[in-house]
Amino acid sequence: QKGQPAVVDITKLPKWVRDYFAFHAETRRKFPSKELFTNPAAPKVLVRTCLGLCGGLNDRLGQLPLDLYVANTTGRILLVHWSRPHPLESFLVPNLINW
């Protein structure tokens, strides 16, 4: 329905993706907010960002499947951050992963 978050059947996703979602959620609970960056026990992070000239949507999000795979295989938390020309949250809302 309009205005309602989309319901996603994660059972159709590959097991490694489901496992990563669980790892990501548990880690974000264990290390809330800045603790993910300041607590020595927190895992490393992988940040998708745009620091210079950024093109369209594919330039910004096209590598996310690879980023997710790399984060999973290296035990890192995947985060997405950019603010140009507007914060990503103005267009996309975190759902299964709190990026």
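Before reading further, recall that the structure is shown in the block above.
Here, residues in each chain are numbered from 1, in the same order as that chain's written sequence. In view of the model being predicted, local features appear only for residues whose pLDDT reaches at least 70, and side-chain atom pairs are presented and counted only at 80 or more, with totals across whole chains, interfaces and linings using the full set of residues. To obtain the side-chain values, all non-hydrogen atoms of the structure were included, while hydrogens and water were left out.

**Overview of the packing of aromatic side chains**
Using the following cut-off: Here is the rule: rings of Phe, Tyr and Trp (six-membered ring for Trp) pair when centre to centre is within 6.5 Å. Planes less than 30 degrees apart are stacked, more than 60 are edge-to-face, and the remainder are tilted. Numbering of helices and strands runs from the N terminus, with a helix taken as a DSSP run of H or I at least four residues long and a strand as a DSSP run of E at least two residues long. Throughout this description, buried means an accessible area under 20% of the type-specific maximum (1.4 Å probe, protein chains only), exposed means over 50%, and partly exposed covers the range between.
Enumeration according to the criterion identifies 2 aromatic pairs in this entry. Ring centres 5.7 Å apart and planes at 90° place the aromatic pair W16 and Y69 in the edge-to-face group. On the criterion of sequence distance, the pair formed by W16 in helix α1 (residues 15–30) and Y69 in helix α4 (residues 64–74) is long-range, its members being 53 residues apart. Ring centres 5.8 Å apart and planes at 55° place the aromatic pair Y20 and F23 in the tilted group. With Y20 and F23 both in helix α1 and 3 residues apart, the pair spans about one turn of that helix. Y20 sits in the buried class, given a relative accessible area of 1%. Judged by its relative accessible area of 29%, F23 falls in the partly exposed class.

**Points about the pattern of salt bridges**
Close approach of charged atoms lets side chains of opposite charge pair. For the record, the criterion: A pairing counts as a salt bridge when a side-chain nitrogen of Lys or Arg comes within 4 Å of a carboxyl oxygen of Asp or Glu.
The final tally for this structure, using the stated rule, is 3 salt bridges. Across the pair K15 and D19 runs a salt bridge whose closest N-O atoms are separated by 2.7 Å. Of this pair, K15 and D19 both sit in helix α1, 4 residues apart, which is roughly one turn of that helix. Assessed through its relative accessible area of 53%, K15 is described here as exposed. D67 is paired through a salt bridge with R48; the nearest N and O atoms lie 2.7 Å apart. Remark: R48 occurs in strand β1 (residues 45–49) and D67 occurs in helix α4; sequence separation between them is 19 residues. Of the two residues, D67 and R48, both sit in the buried class.

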